[in-house]
Structures are given as structure tokens and as C-alpha cells.
Amino acid sequence: MRRGTTDAVVSKHLRLLHDRIRDLQLILTGRGPIIVPTVQEEVRFREELREADLVERGLTELLPAFWRVTGTSRRRVGLVAEARVLVRLRALAATLALGLEQPESAADPDRLAMARALFRWAEAALLPFEFDDNELLPGGALRYERIVAYAMFGQRWGSI
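Okay, so let's go over this structure. (Residues numbered from 1 in each chain as written. Predicted model: local features only at pLDDT ≥ 70, side-chain atom pairs only at ≥ 80, totals over all residues. Heavy atoms only, no water.)

Glancing now at the packing of helix α1 (residues 3-28) against helix α2 (residues 39-62). At their nearest, the axes of α1 and α2 sit 10 Å apart, and the two run at 150° to each other. The orientation of α1 with respect to α2, classified from their angle, is roughly antiparallel. In this structure, α1 crosses over α2, and the sense of that crossing is left-handed. Mapping the contact onto sequence places Val10, Leu14, Leu17, His18, Arg20, Ile21, Leu24, Gln25, Ile27 and Leu28 in α1 and Glu42, Phe45, Arg46, Glu48, Leu49, Ala52, Asp53, Val55, Glu56, Leu59 and Thr60 in α2. (Axes fitted to C-alpha atoms, helices over the stretch in contact; angles between N-to-C directions. Helix = DSSP H or I, 4+ residues; strand = E, 2+ residues; numbered from the N terminus. Parallel < 35°, antiparallel > 145°, perpendicular 65-115°, else oblique. Left-handed = near helix turned anticlockwise from the far one by under 90°. Contact = heavy atoms within 4.5 Å.)

Given below as C-alpha cells:
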């Protein structure tokens, strides 16, 4: 994966994260679109703000030690390239978290929390890519077309 592509994807997700943090701060200070959040909503928003802070720190502190990213790129990338970078990010975060959980590693609960939050962020960001029914693999698309043709026109279009 090219460094510019990786930087563009990380930058995009940092911008999304900063927007969400700003929205949460506005809501919690009473200046957001929700006039007065309920107690449960406020607790949920505070937890989400803590999680977003961990992800932001993970993207700006942990990630640059492994990938050369600036977080300032405005370049746009395609969805396939974004999904590839997110898969690599998820794998890196999982590896970091597992490494930090080992008994022989120096105990650093802050870095562990950042790695776990980064994993959860990448996992959530990949959900639209992994469960999109419109994106079929070529073999799956061919099978799907055969099923549709059989349903519409009968067996003459080939066997399933």
C-alpha cells in the first residue's frame, strides 16, 4: 500500500473523528442540537467522547511509530483502497493490543487502551464494507446472476 494512500485514509478518519468530538462537546455543554440530553444519553455521550479521545490519541501517537502518516492529507481515495488501509489498521491495532497484554511486556495501560480503541474504531469503520450486499466477489456475482436468471426465465439459462 502506498504511503500517500495510507496517509489520506488516516487523515480522512481523523477529520471524521474531530467532527464527532466537536459534536459531542457541543451536546455535553448544552450548545448542540439536543437541548437537554437525558441522564442515560449524557452518560453514553461521555463514554463515546472518552473512546473518541483514545482513538484520536491512537491515530496521532501510536500509529506514526509504525506508519509514516501526517494526518493532514486532503487527498481522496477510492473505497477499495480505504477498506484495505482499514484492514491493515485493524490488524496493526490488534497486534499492538495483544503484544501489550503479554505478561513479559512493560505494563502500559494507556497504550493498551489506545490500541483497543483503535481496533474498535477500525472494526466499526469496516462494517459498511464487509456487509454490503451490493459488493459481491466475481464468482459470487456470477452465481447470483444465474440464480436470478433461473428464477426469471427457467432452467434454460444454465444450471445453478
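Applying the stated criterion to the full structure yields eleven salt bridges. Two residues, glutamate 42 and arginine 46, come together in a salt bridge whose shortest N-O distance is 3.0 Å. Here glutamate 42 pairs with arginine 46, and both are found in helix α2, just four residues apart, close to one helical turn. Between arginine 57 and aspartate 110 there is a salt bridge whose closest N-O contact spans 2.3 Å. One end of the pair, arginine 57, is in helix α2; the other, aspartate 110, is in helix α4 (residues 109-130), with 53 residues separating them in the sequence. Since its relative accessible area comes to 35%, aspartate 110 is described here as partly exposed. Salt bridges sharing common partners tie together Asp19, Arg22 and Asp23. (Salt bridge = Lys/Arg side-chain N within 4 Å of Asp/Glu carboxyl O. Buried < 20%, exposed > 50% of the residue type's maximum accessible area, 1.4 Å probe, protein only.)

The next subject is α2. Helix length check: α2 (24 residues) gives 33 Å between terminal C-alpha atoms against 34 Å at 1.5 Å per residue, within 8%. Inspection of α2 places Phe45, Ala52, Leu54, Val55, Gly58, Leu59 and Leu62 among the buried residues, and these make up the whole buried set. (Expected span 1.5 Å × (residues − 1).)

Attention now goes to the nonpolar core. Counting residues in each nonpolar core, the largest one holds 30 residues, and the members touching the most others are Val10, Leu59, Leu63, Trp67 and Leu89. Breaking this core down by element, the ones donating at least two residues are α1, α2, α3 (79-101) and α4. Here the element with the most residues in this core is α3; it accounts for nine residues. Here tryptophan 67 is in contact with Thr6, Val10, Val85, Arg88, Leu89 and Leu92, once residues within four sequence places are set aside. (Core = buried A, V, L, I, M, F, W, Y, C linked by side-chain atoms within 4.5 Å.)

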